[in-house]
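Residue-level structural notes
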Amino acid sequence: MANVLKTIRTGEDYIESLRGRDLKVYLFGELVKEPVDHPIIRPSINAVAETYDLAVREEALASADSSITGLKVNRFLHIAESAEDLVLQNKMQRKLGQNTGTCFQRCVGMDALNSLHSTTFEIDEKHGTDYHKRFLEFVKMVQKENLVIGGAMTDPKGDRSKGPSEQEDPDLFTRIVDTDENGVYVSGAKAHQTGCINSHWIILMPTIRLTEDDKDWAIVGAIPADAKGVTYIYGRQSCDTRSMEEGDIDDGNAKFGGQEALIILDRVFIPWDKVFMHGEYEFASMLIERFTCYHRRSYVCKTGLGDVLIGAAATIADYNGVPKVSHIKDKIIEMTHLNETIFAAGIASSHQGQKMKSGVYLNDDMLAQVCKHNVTRFPYEISRLAQDIAGGLVVTLPSEKDFRHPEAGPLLKKYLAGRKGTDVENRMRILRLIENMTLGRNAVGYLTESMHGAGSPQAQRIQIQRQMQIGYKKNLAKNLAGIKNDIVEPSEPSEYFKRVFKTKDSVL
């Protein structure tokens, strides 16, 4: 991390801070000399840079006053001190989705910091450890230097029917392999790691509920992204090599993109002051549940991408000369309805946030699950409708090279004309954007992440089932129906309903 600037302020400062780190990154079977300059990687770096530039342009939205350092800090590094802080996280996420049309890669780190604030506090409360103090010192450092934090939770998992200690290969879940007076050494891997190469620090966390036999896998710690023993293998994305071609039409969104990679950890050292859990296996589930509560509500970021795709669909309808056709208007209305339904659940979850013992605010869990479950469905329908409106040309459009060709180009301009006055190149560009978001490189950020990020659909359904309080609802119905001689269900409302009906003077 030798090249990290003392204080990063702008997106350009951030990009410069990533240079010269000597990361071990494999892409297409080759080591990447400088990730910052690689045409496939650079769009993802630009997307993170936008999180810095937004904080400069719209300080109230993307910055916050930290009580930990007394500084105004990037909201991605802020520990939420009120429900309004949680709401502003969501508003910032939507704005960044609108600005980039892709994943901007910092939500996992933000949600990891906030979930660790309360979890380390409660581990200390039970075990007399000093994890919370260590954690706060780490937060002070990253806030002062304005760094990007990546969160690494997902392990490869191997045989899904077995826990970490039951695997034939114990490295299929990240684990402690050695300990000395200076710290711990970990080996294993973390999969599907969003923005990991673009991070300054990465927080390693367990990925599933652990048992006493899994103590060696109960590790939470922070490592520099360029730590010794870390290898990155870059993930492929559909149409990714278009970023390496001349021109900027065929890529669809040439400036911004997402990033996923596999992280391999080979005896990576974590000093004790960066260790925030060490063997307290019973707290793994608390950390995971709190993290997923924050993170499933964070998927309101997809509504910003949805705004872009709705705009693209409306634009191609204009270019095709059909903006006033009733079924086109109805499809755009439906896309908007689905998009706002996602946002409604996420923003409501944040608005219902409650203060934890440590002082951090945690959003409502039930509404977070509903938000993310909607995200596993609605972006796919929004994408289907966008493709419907766009027409078949979205996947049969000739290349930019053909468009620039002295003989083929004039033919394309003649036969790909739309409504009178529409520039054919503009029509090509908007079609490529729709392709990019629904089928191409940024479909990872809009669709695949929507399905599997923060847990795939069944994970949310399990959490919804745990909190839906059927007994309480049965009693409501039986009471109104006048049923007296039946089984009395558990009558206490769930924590969710207590929060729903809380007033300013209520005590929970």
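Note on numbering: residues in each chain are counted from 1, in written sequence order. Local features in a predicted model are, by the rule used here, given only for residues with pLDDT of at least 70; side-chain atom pairs are given and counted only at 80 or more, and totals for whole chains, interfaces and linings are based on all residues. Values shown for side chains rest on all heavy atoms present in the structure; no hydrogens or waters enter the calculation.

The chain goes by 4-hydroxybutyryl-CoA dehydratase in an unreviewed UniProt entry, where it is assigned to Nitrosopumilus piranensis.

Side note on the overall build of the chain
Inclusion rule: In this text, helices come from DSSP runs of H or I with a minimum length of four residues, and strands from runs of E with a minimum of two, each type numbered from the N-terminal end. The globule rule is 2.2 Å times the number of residues to the power 0.38, and the radius of gyration it is compared with is taken over C-alpha atoms. Any residue under 20% of the maximum accessible area for its type is buried, any over 50% is exposed, and the rest in between are partly exposed; the area is computed with a 1.4 Å probe on protein chains only. Two residues qualify as a contact provided that any one of their heavy atoms is within 4.5 Å of a heavy atom in the partner residue. The Shrake-Rupley method, run with a 1.4 Å probe sphere, supplies the accessible areas, and residue values consider only the shown protein chains as cover. In summary, the charge assignment counts Lys and Arg as positive and Asp and Glu as negative, without counting His or the chain termini. Positions of charges follow a simple convention, taking NZ of Lys, CZ of Arg, CG of Asp or CD of Glu.
Looking only at helices and strands, the chain has 19 helices and 14 strands in total. Rg of the C-alpha trace for the chain: 24 Å, near the compact-globule value of 23 Å for 508 residues, within the 12% margin. Along the three orthogonal principal directions, the C-alpha set of the chain runs to about 75 × 70 × 50 Å. Per-residue burial over the chain gives 56% buried out of 508 residues. Of all intrachain contacts in the chain linking residues separated by at least 6 positions in sequence, the fraction that spans at least 24 positions is 75%. Just so you have it, the chain exposes about 22000 Å², and 52% of that area is on carbon and sulfur atoms. One way to put it: in the chain the 64 positive side-chain charges average out to a point 5 Å from where the 69 negative ones average out.

Some points on the pattern of salt bridges
Heads up, the condition is: Salt-bridge detection follows one rule: a side-chain nitrogen of Lys or Arg within 4 Å of a carboxyl oxygen of Asp or Glu.
Enumeration over the complete set of coordinates arrives at 32 salt bridges. When the shortest N-O distance is used, the salt bridge between Arg-94 and Glu-340 registers 2.7 Å. Here Arg-94, found in helix α4 (residues 83-100), pairs with Glu-340, found in helix α9 (residues 326-351); they are 246 residues apart in sequence, far enough to count as distant. Looking at Arg-94, the relative accessible area reads 11%, which means it is buried. One salt bridge connects Glu-289 with Arg-466, and the closest N-O pair in it is separated by 3.6 Å. Placement of the pair is Glu-289 in helix α7 (residues 284-297) and Arg-466 in helix α17 (residues 457-467), with a sequence separation of 177 residues. One salt-bridge network, in which partners are shared between bridges, spans Asp-248, Glu-400, Arg-404, Glu-425 and Arg-429.

Notes on the packing of helix α8 (residues 301-319) against helix α16 (residues 443-452)
Relative placement of two packed helices is described by the angle separating their axes and the distance separating the axes. Heads up, the rule is: Fitted lines through C-alpha atoms give the axes, limited to the stretch in contact for helices. The angle between two N-to-C directions lies from 0 to 180 degrees. Orientation labels follow simple angle bins: below 35 degrees gives roughly parallel, above 145 gives roughly antiparallel, 65 to 115 gives roughly perpendicular, and whatever is left gives oblique. By convention, the crossing between two helices is left-handed when the near helix turns anticlockwise from the far helix through less than a right angle, and right-handed when the turn is clockwise. Residues are grouped as follows: Ala, Val, Leu, Ile, Met, Phe, Trp, Tyr, Cys and Pro are nonpolar; Asp, Glu, Lys and Arg are charged; all remaining types, including Gly, are polar.
α16 packs onto α8 with a crossing angle of 140° between their chain directions and a minimal axis gap of 10 Å. Here α16 runs oblique to α8, going by the angle between their axes. Here α8 runs over α16; the crossing is left-handed. Contact residues: α8 offers Lys-302, Leu-305, Gly-306 and Leu-309, while α16 offers Gly-445, Tyr-446, Glu-449 and Ser-450. Tallied by class, the residues present in the contact of α8 with α16 amount to three nonpolar, three polar and two charged.

Observations concerning the domain arrangement of the chain
Under the convention used in this document: Those domain boundaries reflect an automatic or database domain assignment. The quantity reported as buried area is the accessible area (1.4 Å probe) lost by two parts once they are put together, taken as the sum for both. Nitrogen and oxygen atoms within 3.5 Å of one another constitute a polar contact, given that in protein one can donate a hydrogen and the other can accept it, and given that sequence-neighbouring residues count only through two side-chain atoms.
Splitting the chain by domain gives domain 1 (11-284), domain 2 (288-465) and domain 3 (468-501). Spacing between the C-alpha centres of domain 1 and domain 2 amounts to 25 Å. Taken together, both faces of the contact between domain 1 and domain 2 bury some 4300 Å²; the carbon and sulfur share is 56%. On the domain 1 side of the contact with domain 2, Asn-90, Arg-94 and Ile-249 bury the most area, a combined 18% of that side's loss. In this structure, Asp-307 and Arg-94 form a salt bridge, with 2.9 Å as the shortest nitrogen-oxygen distance. Seen at the junction of domain 1 and domain 2, the total is 34 residue pairs in polar contact (both at pLDDT 80 or more). It is helix α5 (residues 107-127) that contributes the most residues to the side of domain 1 that touches domain 2, 13 residues altogether. Classifying every residue of the side of domain 1 that touches domain 2 gives 21 nonpolar, 24 polar and 14 charged.

Describing the packing of aromatic side chains
As a reminder of what qualifies: Any two of the Phe, Tyr and Trp rings considered here, Trp counted by its six-membered ring, make a pair once their centres fall within 6.5 Å; the pair's planes then place it as stacked at under 30 degrees, edge-to-face at over 60, or tilted in between. The rule for a charge over a ring is simple: NZ of Lys or CZ of Arg within 6 Å of the ring centre, and within 35 degrees of the ring normal.
Tallying each qualifying case throughout the model produces six aromatic pairs. Plain terms: the ring middles of Tyr-14 and Tyr-52 are 5.2 Å apart, the flat faces sit at 20° to each other, and that makes the pair stacked. Of this pair, Tyr-14 sits in helix α1 (residues 11-17) while Tyr-52 is found in helix α2 (residues 42-57), placing the two residues 38 residues apart along the sequence. You'll find Tyr-14 and Tyr-52 in the same group, each marked buried. The cationic tip of Arg-94 hangs over the ring face of Phe-343; the distance from NZ or CZ to the ring centre is 4.6 Å. The cationic tip of Arg-106 hangs over the ring face of Tyr-52; the distance from NZ or CZ to the ring centre is 5.0 Å.

Structural notes on the sheet that holds strand β1 (residues 25-27)
Rules: Pairing between strands is defined by DSSP: at least two bridges between the two strands are required.
Strand order in the open sheet formed by six strands is β2-β1-β10-β11-β7-β6, with mixed pairing between adjacent strands. The open sheet has two edge strands, β2 (30-31) and β6 (175-180), and neither has a second partner. Sheet analysis places strand β10 (residues 230-234) next to strand β11 (residues 260-271), joined by five bridges and oriented antiparallel. Each residue of the ladder has a partner; that of Ile-233, found in β11, is Leu-262.

Examining the environment of Phe-135
Structurally, the position occupied by Phe-135 is in helix α6 (residues 131-145). Along the primary structure Phe-135 and Val-275 are separated by 140 residues, whereas in three dimensions their C-alpha atoms are 8.2 Å apart. Setting aside its immediate chain neighbours within four residues, Phe-135 contacts Ile-79, Leu-113, Leu-116, His-117, Thr-120 and Phe-276.

Brief notes about the pairing of strand β9 (residues 219-224)
Extensive coverage of β9 is indicated by the burial of five of its six residues. As judged from the four bridges shared by strand β8 (residues 201-204) and β9, these two strands associate in the antiparallel manner. When the sheet's bridge partners are listed, Leu-204 is paired in β9 with Gly-221. When β9 meets strand β12 (residues 275-278), the two strands line up antiparallel, connected through three bridges. The residue bridging Gly-221 from the neighbouring strand is Val-275, located in β12.

Quick word on the sheet that holds β9
Read across the sheet, four strands follow the order β5-β8-β9-β12 without closing on themselves; strand pairing throughout is mixed. The outermost strands of the open sheet, each flanked by one partner alone, are β5 (149-152) and β12. Going across the sheet, the axis of each strand differs from the next one's by a mean of 20°, ignoring polarity. Here α5 sits on the sheet and contacts β5, β8, β9 and β12; the angle it forms with β5, its principal contact strand, is near 70°. Against the sheet, α6 makes contact with β5, β8, β9 and β12, and its axis sits at roughly 150° relative to β12, the strand it touches most.

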